[in-house]
Amino acid sequence: WYKNVQIAQLSPDSYSYINYGYQIPSNGRTPVYPYIINTVRFLGENYLIAVVILQIVVSMISVVFLYKLLFLITENKYLALAVTAVYGVSPTVIQWDTMILTESLGISGSVFFLYLIVNYIYKPSIFYGAGATAAAFILTMHRPSLMLINYALFFFWIFRLYYRGERHILKRSIPLSI
């Protein structure tokens, strides 16, 4: 699919990421995606292709984490593999990977976030708690529509206070979420 489509497709929104001004107030965009674009500008006129290649690589890695997540939840490798395959070959997801928009990294980042939070549920640890909090923050700075993840995560930490054995972890996770 990637071989047969135009990569680094631009949409009307793409220009606001490419021409992002790092002053306050900005052009209404959050800084993570424009920062990614600016980081690869040194590659010259084909820097947008590098952004798309990065999105494709991150998307492919997220497919592996989706499989691990689904296997953890279902304990059925065939079901996990089937759902992962459907996601992995989804034309919609693949199309987002080829565009200069936040959707591709937002979807992949959401998979990483879910992987971390589900792992926390199964094996509470500071690593998974801090990782989920960091992922939620980065996702919000990447795509503001994912801000709800931060609120949901904060309430998740509050509800987890019920488990006394996790309180030492939550003493670090709750302030990070705030």
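Here, every reference points to the structure presented above.
Residues numbered from 1 in each chain as written. Predicted model: local features only at pLDDT ≥ 70, side-chain atom pairs only at ≥ 80, totals over all residues. Heavy atoms only, no water.

A. Region of interest: a nonpolar patch on the surface. Together, Met147, Leu148, Tyr151, Phe155, Ile158, Phe159 and Leu161 make up a nonpolar patch on the protein surface, roughly 710 Å² of accessible area in all. Along the chain, Tyr151 falls in helix 8 (residues 148-160). (Patch = residues over 30% accessible without salt bridge, like charges linked within 9 Å, V, L, I, M, F, W, Y side chains within 5 Å. Areas by Shrake-Rupley, 256 points an atom, 1.4 Å probe, with all protein chains shown as cover. Salt bridge = Lys/Arg side-chain N within 4 Å of Asp/Glu carboxyl O. Helix = DSSP H or I, 4+ residues; strand = E, 2+ residues; numbered from the N terminus.)

B. Structural view of the environment of Tyr17. As for its position among the elements, Tyr17 is in helix 1 (residues 14-18). The exposure class assigned to Tyr17 is buried, which follows from its relative accessible area of 6%. Residue contacts for Tyr17: discarding those within four places in its chain leaves Arg29, Tyr33, Pro34, Ile37, Ile100, Leu101 and Thr102. (Buried < 20%, exposed > 50% of the residue type's maximum accessible area, 1.4 Å probe, protein only. Contact = heavy atoms within 4.5 Å.)

C. Quick look at the layout of surface pockets. Approximately 210 Å³ is the volume attributed to the largest pocket. Looking at the lining of the largest pocket, the elements with two or more residues in it are helix 2 (32-39), helix 6 (103-122) and helix 7 (126-142). Take the lining of the largest pocket: its biggest share by element is 6 residues, from helix 7. Partitioned by chemical class, the residues of the lining of the largest pocket number 10 nonpolar, 4 polar and no charged. Within this model, the second largest pocket holds a volume of roughly 160 Å³. For the second largest pocket, the full set of lining residues is Thr133, Phe137, Thr140, Met147, Asn150, Tyr151, Phe154, Leu176, Ser177 and Ile178. Elements supplying a minimum of two residues to the lining of the second largest pocket: helix 7, helix 8 and helix 9 (167-177). For the lining of the second largest pocket, the class distribution of residues is 6 nonpolar, 4 polar and no charged. (1 Å grid on protein atoms, 1.4 Å probe; cavity = no way out; pocket = protein on both sides within 12 Å on 5 of 7 lines; lining within 4 Å. Points joined across faces, edges and corners; volume = space filled by probe spheres on them. Nonpolar A, V, L, I, M, F, W, Y, C, P; charged D, E, K, R; others polar.)

D. Highlighting unusual backbone geometry. A positive phi angle is found at Ala8, which is not glycine, with a value near 65°. Within the element layout of this structure, Ala8 appears in the segment before helix 1. Of note, Glu75 is a non-glycine position whose phi angle comes to about 60°, a positive value. As for its placement among the helices and strands, Glu75 is situated in the loop between helix 3 (47-74) and helix 4 (77-88). Classification of Glu75 as exposed rests on a relative accessible area of 66%.

E. Here's a closer look at helix 7. Across its 17 residues, helix 7 extends 24 Å between first and last C-alpha, which sits within 8% of the 24 Å expected from 1.5 Å per residue. Buried residues of helix 7: Tyr128, Gly129, Ala132, Thr133, Ala135, Ala136, Leu139, Thr140 and His142, and no others. Looking at the packing, one finds that the buried side of helix 7 touches helix 2, helix 6, helix 8 and helix 9. (Expected span 1.5 Å × (residues − 1).)

F. Examining the packing of helix 7 against helix 8 more closely. At a minimum axis separation of 9 Å, helix 7 and helix 8 run at an interaxial angle of 160°. Here helix 8 runs roughly antiparallel to helix 7, going by the angle between their axes. As helix 7 packs across helix 8, the resulting crossing turns out to be left-handed. Of the residues in helix 8, those in contact with Gly129, Ala132, Thr133, Ala136, Phe137, Leu139 and Thr140 of helix 7 are Ile149, Asn150, Leu153 and Trp157. Across the contact of helix 7 with helix 8, the residue classes break down as 7 nonpolar, 4 polar and no charged. (Axes fitted to C-alpha atoms, helices over the stretch in contact; angles between N-to-C directions. Parallel < 35°, antiparallel > 145°, perpendicular 65-115°, else oblique. Left-handed = near helix turned anticlockwise from the far one by under 90°.)

G. Spotlight on the packing of helix 7 against helix 9. Where helix 7 contacts helix 9, the axes come no closer than 9 Å and their chain directions differ by 10°. It follows from the interaxial angle that helix 7 and helix 9 lie roughly parallel. Contact with helix 7, carried on its side by Ile126, Gly129, Ala130 and Thr133, involves Ile169, Arg172, Ser173, Leu176 and Ser177 of helix 9 and no other residues of that element. Residues belonging to the contact of helix 7 with helix 9 are distributed by class as follows: 4 nonpolar, 4 polar and 1 charged.

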